[in-house]
Amino acid sequence: MASVREELLCPICLEIFTNPVTLLCGHNFCWNCISLALDRRASSFYTCPQCRKTFRTRPVLTKNTTLGNIARLFASPKVASVYCTYCDPLIPAIKTCLQCETSMCSRHLQHHNRSVKHDLMNCSVSLNDKKCPIHNKILGYYCSMNATCICVSCCLSGDYRGLPVEPLNVAQDKKKKILQKLLSILATKAEETERRVMNLKNVQRLQRKVDDQGETLPGGTLMKEEKVSHVTNQIMELEKEKQQLEMKTFWVVELSRPMDPIYFLEDVAIDSEDCTETLHLDTALTTGAAPKYLLDIASKAKKWWFPNQRPADVILNVNTAASNLLVSDNQKAVTYSDTHQPHPGTPERFEQNQVLSINMFSSGRHYWDVACSPVGDWMIGVCYATMDRKGKKSFLGCNSRSWCLRRRDDEFWVQHDIRCLHLPLVTSCNYVRVSLNCKVGQLTFHSVGSSIRHLYTYNIVFTEPLHAAFTLFSGGLEIRD
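Residues numbered from 1 in each chain as written. Predicted model: local features only at pLDDT ≥ 70, side-chain atom pairs only at ≥ 80, totals over all residues. Heavy atoms only, no water.

Engineer: Honestly, the nonpolar core in this entry has me stumped. Any pointers?
Structural biologist: Across soluble globular proteins, you tend to see nonpolar side chains buried next to one another. Formed by 54 residues in total, the largest nonpolar core has its most connected members in Trp368, Leu443 and Phe470. With six residues, strand S16 (residues 378-384) is the single largest residue contributor to this core. Those residues within four positions of Trp368 in sequence are excluded, and the remaining contacts are Ala312, Val314, Phe361, Val382, Val432, Arg433, Val434, Leu436, Ala468 and Phe470. (Core = buried A, V, L, I, M, F, W, Y, C linked by side-chain atoms within 4.5 Å. Buried < 20%, exposed > 50% of the residue type's maximum accessible area, 1.4 Å probe, protein only. Helix = DSSP H or I, 4+ residues; strand = E, 2+ residues; numbered from the N terminus. Contact = heavy atoms within 4.5 Å.)

Engineer: Just checking my understanding: could you explain the sheet that holds strand S1 (residues 20-22) for this structure?
Structural biologist: Remark on secondary structure: sheet strands pair via backbone hydrogen bonds, oriented parallel or antiparallel. In space, the three strands of this open sheet follow the order S2-S1-S5, with antiparallel pairing throughout. Each end of this open sheet is capped by a strand with a single partner; those strands are strand S2 (28-30) and strand S5 (62-63). Looking at chain direction, S1 and S5 are connected through two bridges and run antiparallel. Paired with Thr22 across the two strands is Thr62, which belongs to S5. (Pairing = 2+ DSSP bridges.)

Engineer: Help me understand helix H2 (residues 31-39) in this model?
Structural biologist: Helical periodicity: at 3.6 residues per turn, an α-helix aligns residues three or four positions apart in one direction. Taken residue by residue, H2 has Cys33, Ile34, Ser35 and Leu38 as its buried positions. Looking at the buried side of H2, the elements it contacts are S1, S2, strand S3 (46-47) and strand S17 (402-408).

Engineer: Could you clarify how one ought to interpret the packing of aromatic side chains in this entry?
Structural biologist: By convention here, two paired aromatic rings are described through the distance between centres and the angle between planes. For the structure on display, the rule yields seven aromatic pairs. With a centroid separation of 5.7 Å and 90° between ring planes, the pair formed by Trp403 and Phe462 is classed as edge-to-face. Residue Trp403 is located in strand S17, and its partner Phe462 is located in the loop between strand S22 (452-459) and strand S23 (466-472); the two are separated by 59 residues in the primary sequence. Residues Trp403 and Phe462 agree in their burial class; the two are buried. Feature note: the residues Tyr384, Trp403 and Phe462 constitute an aromatic cluster, connected by ring pairs. (Phe/Tyr/Trp six-rings, centres within 6.5 Å; stacked < 30°, edge-to-face > 60°.)

Engineer: Before we go on, may I ask you to explain the sheet that holds strand S9 (residues 141-143) in this structure?
Structural biologist: In space, the three strands of this open sheet follow the order S10-S9-S11, with antiparallel pairing throughout. With partners counted over all chains shown, the strands left at the sheet margins are strand S10 (148-150) and strand S11 (165-167), one partner each. Recorded for the sheet is a direction-independent mean angle of 35° between the axes of neighbouring strands. Summarising the sheet, S9 and S10 pair through three bridges and their orientation is antiparallel. Bridge assignment links Tyr142 to a residue of S10, and that residue is Cys149. (Axes fitted to C-alpha atoms, helices over the stretch in contact; angles between N-to-C directions.)

Engineer: Teacher, can you tell me more about helix H4 (residues 106-115) here?
Structural biologist: For H4, every residue scored as buried is listed here: His108, Leu109 and His112. All buried residues of H4 fall inside an arc of 105° around its axis, so they share one side. Packing partners of the buried residues in H4 comprise strand S6 (95-97), strand S7 (102-104) and strand S8 (120-121). (Arc of directions from axis to C-beta.)

Set out below in structure tokens:
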């Protein structure tokens, strides 16, 4: 079944096919993926992204109904029932107790609630994801300093002693209040932007009247052509700002919906730039309503590397580079090439598109900066040396042995074990800082420019040494010192 699933992955997005279509050369792609690839052709010819076969005219996309039906079967979630721990015959459970580690039907839940007051959650197929990987105890607390959920034994250990720790429900409520304040600020900004657009459009209508009737504006002067152009450009910029505000508002509303507290606290990152804007626009927040928590989020990037720490001297391993990648002489940069390079065959060489670092990281804290070409499709991350070198599972994020940040079609994603998470608030990222804390088990990505912006943090228990890893489908990357 695993090999069948691999055949159902689109070569472009590396996800299970959505509305698959077939080119004349026989290769299959998601309809949206291949359409965008054909729209962005770099020459007068159209090219198959997989076999590089060229077409003089735009190739016809033939719907592959059979493949689509199979892909839907594999993509559809398998809903497993959770049954009451105490009932025989089995009766579906409605709640799971974190302390007792049991699931209960309505009848047993009533008896349970009469005797104790424990933390209840919606039924989960397995409680393993709710347990501390070190102490095997239920995660019941959240450390805001390390942005991670911990158990009661962690709270008493030296690693977390003295750090800000609070119960999950308290931390979740605080974070949701921040989201609500942010939502209010976004609504105010959207109204203000719409008002400015309407005012500028009124100016445009007045100018059309002037042009049609030869009249003059109040004051007796005709609007100059360059001023009209300036107004038009302002409207276009404001329309873009409206779209960004709508996207951010949608994202905040989605985050405000009920969800598992562990996922909410560890995987949902509040945009630090939006928090900074909130502090400027909402005077109530600057007077102490929630400034400490906001400042903790806004300064989140500071904890990932020490002020005096030097970046790791990451060197690319040319023996791992795929034949369609060019590694620079100083082994610090890599670019994608349509011309395959005559690299000698080595066991560690990737079949396509990837290269690893010579460096291996198994302890301590490290970071490295990567400059990315303004256009291009790339992945940046880390992986175990035991990751496959051939097949679709050899790509970063398509297996359980790698984690990455990906740019595709001017959008940004994080990906691990085929599971993807879209980062809708990230609109540009040409300089990436990768921060690795082997002891704590955290991999973090930041966008580095005039300011440092937190993008995403993985919380992982690393079991093997890690390589820095890079994937290129177009464009280039360079490791900066």
